[in-house]
Each structure stands twice: as C-alpha cells, then as structure tokens.
Amino acid sequence: MILYPAIDLKDGSCVRVVHGDLATATVFNTSPAAQARAWADGGFHWIHVVDLNGAVSGQAVNQAAVEEILNAVSVPVQLGGGIRTLADIEGWIEAGVSRVILGTVAVRDPKVVYEAAKAWPEQIAVSVDVRKGKVAVQGWTEDSDLDAISVAKRFEDVGVSALIITDIDRDGTTMGFNVEAFGAIADAVAIPVIAAGGLATVDDIIRLKARRGTEIAGAVLGRALYNGDIVPDAALKAAA
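Everything numeric in this text was worked out from a predicted model, so none of it was measured.

### Re helix 1 (residues 32-41)
Working note: α-helix, 3.6 residues per turn, so residues spaced by three or four point in the same direction. For helix 1, every residue scored as buried is listed here: P32, A33, Q35, A36 and W39. Buried positions in helix 1, seen along its axis, are confined to an arc of 160° and lie on one side of it. In this structure, the buried residues of helix 1 make contact with strand 1 (2-10), strand 2 (13-18), strand 3 (21-29), strand 4 (47-51), helix 3 (63-72) and helix 10 (223-227).

Shown next as structure tokens:
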C-alpha cells in the first residue's frame, strides 16, 4: 500500500482543515517546499498536494507554492484542486506533476477525464469526495445527487490510474478510517482506490490492509501525521 502524505495549500501555506472548511485552517508550515522535503526525507515515495483555494475558485491559486514543491523534491507529486480543463492538465504535467487529480470536472464534465486519460495514460486520477453518501464538488462547497460508486463506474476502462475516495464527514477529524466504506468502492470497480479522510493511527493502515476483498491501493495521511500521532517509520512499516 502506497502512503501519500498530504500538503494542503491555502494562501501559500501548508494547512489542515476540518471537513474541507477553509475557515477552520490550521497552518502547519509556511514553507510548503520545506514540508515536502520533510516528507520525502521521512521515506515517503509520493506526495499528495491540493490547492484548496483553487478547488473552490476553479483555477490555480497556489501555483507558486506547487512549483516550489516540484522543485524541492524528486519523489512524484500528485496534484488536485481547481484543475478543470485539458490545458490546465497539460500545463501541470509539463511542470512536473506526475499525476493530476480531477474532481469537480469528473462529476460535471466526465468527457474531460476520458480525453485526459487517453492523452496522458496513467497520469490521471479521479477524486470522489463523499459527504453523507453523496459526492461533493467545487471544493466541497456544493453537493451533487450522485453516489460514489455511480461516479466511480463512469471511469472504468478509460485509463484512469486511481480513484481518491475522501470521506468528508471524517476529513481532518482523526476519527479513524471507515474501512468498509472504502472497501465497498474498491470491490465495486477495477480502478485502484486510495483512501482519504479520518486517518487517526497506524492501526487504521493495518485495518485497511487486513480487510478482505479488493486491496486498497493507498492511503492519504493528513492531520494525524502533522500532529505526531503517526510517525513516518511506523506508518511505512505497517503499509509495506
């Protein structure tokens, strides 16, 4: 299982928020590049970056911070937040992003995902952000009437490299993973699933790995990692 330490960007800083609400932001590092280096030095093989401002506005806002991260580390970076067009995707891939995450546009205009996955095989992921059973969009400020599995199934056999499933109801809370909810989606589709939202302790990683059924491909580490409730060595050992 691949672990993805998260760097959520708000106003140029590395923050954590609760339930995606930007008003709850806690700044953990004013240098996202230094934070990225710390996670790479800690042994992580990927970094998960989200432009929170961009997710709400629909266009890149923290572009400079993302570019600093890309210049600071050699490990691959996956990036989401405000990426809505093929031109956006192309620009970020040319800038050095290894995997582009599409969320709102995957719900509102799935053809963009189909075209992107064809143009950049294995470099496109879809973010499925779930609140009370329904998929949220526009930086989680709006709800759709679609459930996660319906959205996920849109992208079977089109070349999408991963589904990042975020449990908004637990995101930023360190309540613990809802392992069965993630597992149900993994069992329903052939696309690898990355779990996000609520990770509290290394035991969550162990439970995710131990679950019967389709393997969960990865997990995003957020507040628990920043708080020190999870240390990189123990997390990586549990995921190995």
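Moving on from the coordinates now.
### Remarks on the nonpolar core
Core analysis: the biggest nonpolar cluster contains 68 residues, and I7 and I89 have the highest contact counts within it. Leave out the neighbours within four places in its chain, and I7 touches C14, P32, Q35, A36, W39, I47, H48, V49, V50, I69 and Y226. With 10 residues, the next largest nonpolar core counts A6, I101, A196 and V220 among its residues.

### Considering the pairing of strand 12 (residues 218-221)
Taking every second residue as pointing to the same face, both faces of strand 12 are buried, with G218 and V220 on one and A219 and L221 on the other. Of the strand pairs in this sheet, strand 11 (residues 193-196) and strand 12 are connected by two bridges, and their pairing is parallel. Residue pairing in the sheet places A195 in a bridge with A219 of strand 12. For the crossover from strand 11 across helix 9 (residues 202-210) to strand 12, the handedness is right-handed.

### Let's talk about the layout of surface pockets
Put simply, the largest pocket is a space of about 180 Å³. Of all the elements in the fold, those that place two or more residues in the lining of the largest pocket are helix 7 (148-153), strand 10 (162-167) and helix 8 (179-188). Residues belonging to the lining of the largest pocket are distributed by class as follows: seven nonpolar, three polar and three charged.

### Describing empty space enclosed by the protein
Inspection of every chain in the model, using the stated rule, returns one cavity of 30 Å³ or more. Here the largest cavity defines a volume of roughly 570 Å³. What lines the largest cavity is a set of 42 residues, and nearest its centre among them are H48, V50, D129, W140 and T166. Looking at the lining of the largest cavity residue by residue, the classes come out as 19 nonpolar, 17 polar and six charged.

### A look at helix 3
Turning to helix 3, its buried residues are A65, V66, I69 and L70. When helix 3 is viewed along its axis, its buried side chains cluster within an angular range of 140° and face the same direction. In this structure, the buried residues of helix 3 make contact with strand 1, helix 1, strand 4, strand 5 (77-80) and helix 4 (86-95).

The rules behind these values
Residues numbered from 1 in each chain as written. Predicted model: local features only at pLDDT ≥ 70, side-chain atom pairs only at ≥ 80, totals over all residues. Heavy atoms only, no water. Buried < 20%, exposed > 50% of the residue type's maximum accessible area, 1.4 Å probe, protein only. Helix = DSSP H or I, 4+ residues; strand = E, 2+ residues; numbered from the N terminus. Arc of directions from axis to C-beta. Contact = heavy atoms within 4.5 Å. Core = buried A, V, L, I, M, F, W, Y, C linked by side-chain atoms within 4.5 Å. Pairing = 2+ DSSP bridges. Right-handed = clockwise from strand over helix to strand, strands pointing away. 1 Å grid on protein atoms, 1.4 Å probe; cavity = no way out; pocket = protein on both sides within 12 Å on 5 of 7 lines; lining within 4 Å. Points joined across faces, edges and corners; volume = space filled by probe spheres on them. Nonpolar A, V, L, I, M, F, W, Y, C, P; charged D, E, K, R; others polar.

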